[in-house]
Amino acid sequence: MVTHSQQPPRDLPALTHEEILRYSRHLILPDVGVEGQRKLKAARVLLIGAGGLGSPLALYLSAAGVGHIGLVDFDIVDLTNLQRQVLHGTSDVGTSKLVSARKRIAEVNPHVELTTYDVPLTSENALGIFKDYDIVVDGTDNFPTRYLVNDACVLLGIPNVYGSIYRFEGQSSVFATKDGPCYRCLYPEPPPPGLVPSCAEGGVLGVLPGLVGTLQATETIKLILGIGESLAGRLLLIDTLGATFRTVKVRKDPNCPACGTRTLTTLIDYEQFCGSPHVGGDQKMSFNIPEITPIDAAARLAKGEIDIIDVREPHELEIAHYPKVTAVPLGLLAAQIAALPRDRDLVLACRTGARSAKAVQQLQAAGFTRVWNLAGGIHRWIDEVDPTQPKY
Amino acid sequence: MPATLFLPAILAKLADAKQLEVTGATVGELVADVSARYPALEPRLRDASGEPYPYVTFYLNDEDIRFHGGFAATVNEGDELTVVPAIAGG
């Protein structure tokens, strides 16, 4: 349980001789000591996500001797995860992240009691899962789950150790402490779907989640031990390219429906709140977007019936390419719309079909009627048309 | 008042810089100044009615402008305005 140094010591579990030796470097730290290590052993920490942020969190909190760790994830280890998700290894590709995590955590510290939840976190199950924990750590990859985690933590009075990342930059804070602000005080509403690219779309420096997740682990341990100055009330901004760390103030908003007025008394529909049809960073496909399969597109392209517009970034074109394309990065599409032919069938293409779906919507909004999205992007093109090229 | 605007990477590409010198008596005027110079940035900083978005937080030095009058917050010479949009990667 979370205790603070000014509170009287409570019944804490004893340490075995093996544990005393294992945690020696903690025990000789004046601010941790035997009592602090026993607090860690008594603590129950829930990690949401076993991905980029969840990896260092699970490894360091296990190694530090947090007695009970819960892990929520329903994903499978993919080869593209391994560049940053150090909890999983090459031999784990294709298996459940929870299975992989259990194996690795047991090797790091067999004293950790691990509970896994192989489910998507939802408004229906979140309170039931969270209520058994002292601290929740948010390592998810999408806005609906971040608001869900926040609201559930506020409703239950459980601190939420927050971290999020994009490309080379990260953010971390501690929300929903007794008198502190919450995520909604910082961001009252989410951005519209598609405005902020996910890591799967925009890329992420592999060590960045290591850095941010390790900061979250540090904040978690400080909360358990009741030492130091928590990030509650502050937002840490990390810029790896500028090599800068900066903190700004996060004030508790008296009008916040979650932690201020407390008009939010139950969990809501977070997909609807965030305006997105699906959970998951790489899966945001919209309705009413005409699609064409790679096989059909290849056949029509060979007959000269369609033009393919590749909306990927220039550096991606070097990795794998479509034949005979017009390359227009998504960010420049608006500026080049006037140059695109309205009297031709245009097929918009990208890596997996997410960005090109946005491009189709953009062209539809500009009055184009003969536009299609290439289903599955270059990944499916490689599967079905041109297996000589690498996927990325 | 001259001030320094700091942009995150996701917005810096629209202004070709992470750090810009801007001028104005209020935060709203600083945003108007940079929007006039980099029109592609404008819709990422303020909505069609010229107001800030709930998912893009502006910090004047280390204070959230929402608690200091929003875009009407007064700027002093040498202030730093940092734009912190919501990100969700993990």
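The structure displayed is predicted, hence computed values, not measured ones.

A. Molecular detail of the overall build of chain A. Tallying secondary structure elements over chain A gives 16 helices and 13 strands in all. Taking 392 residues into account, the globule formula puts the C-alpha radius of gyration at 21 Å, and chain A, at 24 Å, falls close to it. For the C-alpha atoms alone, the extent of chain A along its principal axes is close to 80 × 50 × 40 Å. The long-range share in chain A, meaning contacts at least 24 apart out of those at least 6 apart in sequence, stands at 69%.

B. Representation of the overall build of chain B in the model. For chain B, the count of helices and strands is three helices and five strands. Element order for chain B, N to C, with α for helix and β for strand: β-α-β-α-α-β-β-β. For 90 residues, the compact-globule estimate of 2.2 N^0.38 gives 12 Å, and the C-alpha radius of gyration of chain B, at 12 Å, lies within 12% of that figure. By its C-alpha atoms, chain B is 35 × 25 × 25 Å across when sized along the principal axes. Across the 90 residues of chain B, 36% fall into the buried class. Of all intrachain contacts in chain B linking residues separated by at least 6 positions in sequence, the fraction that spans at least 24 positions is 55%.

C. Spatial organisation of the interface of chain A and chain B. Taken together, the contact between chain A and chain B spans 34 residues of the former and 19 residues of the latter. Looking at the side of chain A that touches chain B, the elements with two or more residues in it are α7 (143–156), β5 (160–166), β6 (169–175) and β8 (244–249) of chain A. For the side of chain A that touches chain B, the per-class residue count stands at 16 nonpolar, 11 polar and seven charged.

D. How the structure looks around the packing of helix α4 (residues 54–64) of chain A against helix α10 (residues 207–225) of chain A. Residues and elements named next belong to chain A. At their nearest, the axes of α4 and α10 sit 7 Å apart, and the two run at 40° to each other. In terms of orientation, α4 lies oblique with respect to α10. Judged by the sense of rotation from one axis to the other, the crossing of α4 with α10 is right-handed. Within the contact between the two elements, α4 uses G54, S55, P56, L57, Y60, L61 and A64 and α10 uses P209, G210, G213, T214, Q216, A217, T220 and I221.

E. Local environment of the confidence of the model for chain A. Residues and elements named next belong to chain A. Counting all residues, the mean pLDDT for chain A is 93, and 94% of those residues have values of 70 or more. Here residues 3–8 is modelled with pLDDT under 50, and outside its nearest four sequence neighbours on either side it reaches six contacts, counting other chains as well. Between residues 277–286, whose pLDDT stays under 50, and residues either more than four places distant or in other chains, the model counts 28 contacts.

F. Looking closely at the domain arrangement of chain A. Here chain A is described as being made up of domain 1 (17–273) and domain 2 (291–384). If you average the C-alpha positions of domain 1 of chain A and of domain 2 of chain A, the two centres end up 38 Å apart.

G. Representation of the sheet that holds β5(A) within the structure. Residues and elements named next belong to chain A. Read from one edge of the open sheet, eight strands run β3-β2-β1-β4-β5-β6-β7-β8, paired in mixed fashion. Every interior strand has two partners, whereas the edge strands, β3 (113–117) and β8, have only one. Across the sheet, the mean angle from the axis of one strand to that of its neighbour is 15°, orientation sign disregarded. Pairing of β6 with strand β7 (residues 234–239) involves four bridges; the strand directions are antiparallel. By the bridge assignment for β7, E169 is matched with D239. Relative to β3, helix α5 (residues 97–108) is tilted by about 175°, and along the sheet it contacts β2 (68–72) and β3.

H. Expanded view of the environment of L346(A). All names here are of chain A. Summarising the element assignment, L346 is placed in strand β12 (residues 345–349). In sequence terms L346 and D11 are 335 residues apart; their C-alpha atoms lie 69 Å from each other. If sequence neighbours within four positions are ignored, L346 has contacts with D307, I309, L340, F368, R370 and V371.

I. Spatial organisation of the nonpolar core. Core analysis: the largest hydrophobic core is formed by 97 residues, its most contacted members being V45(A), L47(A) and A58(A). If you look at the next biggest cluster of nonpolar residues, it comprises 24 residues, including I306(A), I309(A), L348(A) and V360(A).

J. Fine view of the sheet that holds strand β4 (residues 63–64) of chain B. Residue and element names in this part refer to chain B. Strand order across the open sheet formed by five strands is β2-β1-β5-β3-β4, with mixed pairing between neighbours. Two strands bound the open sheet, and with one partner strand each, they are β2 (19–23) and β4. With three bridges joining them, strand β1 (residues 2–6) and strand β5 (residues 80–85) adopt parallel strand pairing. Following the sheet pairing, L5 is matched in β5 by L81.

Reading the values: the criteria
Residues numbered from 1 in each chain as written. Chains lettered and ligands numbered in written order. Predicted model: local features only at pLDDT ≥ 70, side-chain atom pairs only at ≥ 80, totals over all residues. Helix = DSSP H or I, 4+ residues; strand = E, 2+ residues; numbered from the N terminus. Rg over C-alpha atoms; globule rule 2.2 N^0.38 Å. Contact = placed C-beta atoms within 7 Å. Buried ≥ 20, exposed ≤ 12 C-beta atoms within 10 Å, placed from the backbone. Nonpolar A, V, L, I, M, F, W, Y, C, P; charged D, E, K, R; others polar. Axes fitted to C-alpha atoms, helices over the stretch in contact; angles between N-to-C directions. Parallel < 35°, antiparallel > 145°, perpendicular 65-115°, else oblique. Left-handed = near helix turned anticlockwise from the far one by under 90°. pLDDT = per-residue confidence, 0-100. Domains from an automatic or database assignment. Pairing = 2+ DSSP bridges. Core = buried A, V, L, I, M, F, W, Y, C linked by C-beta atoms within 7 Å.

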